Amino acid sequence: MARKTSSTKDRSAVAERVEGKIQKASELPEHGRFLIYGRSGAGKTRLAATAPKVLLVDINEQGTASVRRDTDPYVFPVEMWAELQDVYWYLATGEHDFQSVALDGVSSMQTLCMKFVLGDEASRDASRDPDMPSRQVWGKVGELMKTQITNFRNLPMNVIFTALQRSRSTGEDDDDTFVLSPNCSPSILSHLEAAVDMIGFLTIQNVSVKVKKGDKVKRVTRQKRRLMVGPSEKYYSKDRYGLFGDFIEAPDMSEIITTVYKED
């Protein structure tokens with residue numbers, strides 16, 4: 001009988017804990033998770049820097065020159081893998097004013113992780129060629145990267161990942177077709193895809209516009225940025241929000257986040 005009473009109390013405690021965590025989706029914290037990728041110079045850093053109260057984590061990208069004169073965000077430069085862990089724990093404390101963090105970028109993050117793992121491997125086996133990572137090394141890199149991506153994804157703030165683009169083959173032999181995707185290993189990319197709510201391919205398009213100067217009107221070429229988020233067979237994209245159609249013209253992260261979480 002005593003065992004039965006104890007079991008009943010245990011179930012009641014479990015039910016209380018579960019019920020205490022149940023919320024409506026509309027009551028959950030309003031934090032977005034985004035992955036922005038594109039070629040070098042497409043404006044990924046500039047776009048990430050438009051997030052509200054953002055800390056830009058510059059992972060060996062050194063691409064902050066583009067934002068010095070406009071958004072001028074706070075920047076944390078990362079040159080060693082341990083520093084990435086440091087900034088995560090700092091943000092996890094909540095003892096700061098940042099509302100967003102941008103990891104710029106994932107491609108360099110993977111390279112940094114590989115150097116960290118190879119350095120560790122070399123310290124244990126001096127006969128290894130450090131330029132020839134083994135399957136075990138790639139496995140360790142994948143696990144470390146996935147853990148770090150999950151850590152940042154779970155922070156109570158907006159999280160933006162950026163990455164360079166690469167072309168991947170999706171076919172076989174003569175039927176090869178190619179799709180543009182973020183530049184990281186397939187296993188890390190799969191984990192990253194699942195971790196975010198939106199994946200956008202950032203492009204620059206040259207458009208012709210009319211400009212009036214004095215009494216004359218002439219056409220000039222200007223650049224316009226588009227964030228491609230709609231379904232495509234040509235590039236990786238994703239939009240869990242379902243609010244933006246095929247693309248976002250002249251994207252701004254603060255405006256995107258406001259659109260997602262504004263009340264109807």
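Residues numbered from 1 in each chain as written. Predicted model: local features only at pLDDT ≥ 70, side-chain atom pairs only at ≥ 80, totals over all residues. Heavy atoms only, no water.

Secondary structure summary: the chain contains seven helices and 10 strands in total. For the chain, the residues scored as buried account for 38% of the 264 residues in total. Long-range pairs, those at least 24 residues apart, make up 63% of the contacts in the chain with a sequence separation of at least 6. Accessible surface, the chain as shown: approximately 16200 Å² in total, 48% of it carbon and sulfur. (Helix = DSSP H or I, 4+ residues; strand = E, 2+ residues; numbered from the N terminus. Buried < 20%, exposed > 50% of the residue type's maximum accessible area, 1.4 Å probe, protein only. Contact = heavy atoms within 4.5 Å. Areas by Shrake-Rupley, 256 points an atom, 1.4 Å probe, with all protein chains shown as cover.)

The subject of this paragraph is unusual backbone geometry. For the bond running from Asp 104 to Gly 105, omega is 5 degrees, close enough to zero to count as cis. You can see Gly 105 is positioned in the loop between β4 (100-104) and α4 (106-124). Of note, the phi angle at Lys 53 is positive, near 40 degrees, even though the residue is not glycine. Along the polypeptide, Lys 53 turns up in the loop between α2 (44-48) and β2 (54-59). At Asp 72, a residue that is not glycine, the phi angle is positive and equals roughly 45 degrees. With respect to the helices, strands and loops of the structure, Asp 72 is situated in the loop between β2 and β3 (74-78). Look at Asp 72 and you get exposed, because its relative accessible area is 54%.

With that settled, the discussion passes to the nonpolar core. Counting 41 residues, the largest nonpolar core has Leu 84, Leu 91, Val 101, Phe 152 and Phe 161 as its most contacted members. At seven residues, α4 tops the list of elements feeding residues into this core. When sequence neighbours within four positions are dropped, the list of residues in contact with Phe 152 reads Leu 84, Val 87, Tyr 88, Leu 91, Val 101, Leu 103, Val 159 and Phe 161. (Core = buried A, V, L, I, M, F, W, Y, C linked by side-chain atoms within 4.5 Å.)

A separate point is the packing of aromatic side chains. Scanning the model with the defined rule gives seven aromatic pairs in all. Aromatic side chains Phe 34 and Tyr 241 sit 6.2 Å apart centroid to centroid with 40 degrees between the ring planes, which places their arrangement in the tilted category. With Phe 34 in strand β1 (residues 33-38) and Tyr 241 in the loop between β9 (238-239) and β10 (247-249), this pair connects stretches of sequence that are 207 residues apart. Summarising the burial analysis for this pair, Phe 34 and Tyr 241 share the class buried. (Phe/Tyr/Trp six-rings, centres within 6.5 Å; stacked < 30°, edge-to-face > 60°.)

Looking now at helix α5 (residues 135-153). The terminal C-alpha atoms of α5, which comprises 19 residues, lie 27 Å apart, in line with the 27 Å expected from a rise of 1.5 Å per residue. The set of residues buried in α5 consists of Val 137, Val 141, Gly 142, Met 145, Gln 148, Ile 149, Asn 151 and Phe 152. (Expected span 1.5 Å × (residues − 1).)

Together, Val 14, Val 18 and Ile 22 line one region of the surface with nonpolar side chains, adding up to about 270 Å² of accessible area. Structurally, the position occupied by Val 18 is in helix α1 (residues 2-21). (Patch = residues over 30% accessible without salt bridge, like charges linked within 9 Å, V, L, I, M, F, W, Y side chains within 5 Å. Salt bridge = Lys/Arg side-chain N within 4 Å of Asp/Glu carboxyl O.)

This part takes up the packing of α5 against helix α6 (residues 186-195). In contact at an axis separation of 9 Å, α5 and α6 are set at 10 degrees when each is read in the N-to-C sense. Viewed along their axes, α5 and α6 adopt a mutual orientation that is roughly parallel. Crossing geometry of α5 relative to α6 is assigned as right-handed. The residues of α6 that touch α5, namely those facing Val 141, Gly 142, Met 145, Lys 146, Ile 149, Thr 150 and Arg 153, are Ser 187, Ile 188, His 191, Leu 192 and Ala 195. When the residues that make up the contact of α5 with α6 are grouped by side-chain class, the tally is six nonpolar, four polar and two charged. (Axes fitted to C-alpha atoms, helices over the stretch in contact; angles between N-to-C directions. Parallel < 35°, antiparallel > 145°, perpendicular 65-115°, else oblique. Left-handed = near helix turned anticlockwise from the far one by under 90°. Nonpolar A, V, L, I, M, F, W, Y, C, P; charged D, E, K, R; others polar.)

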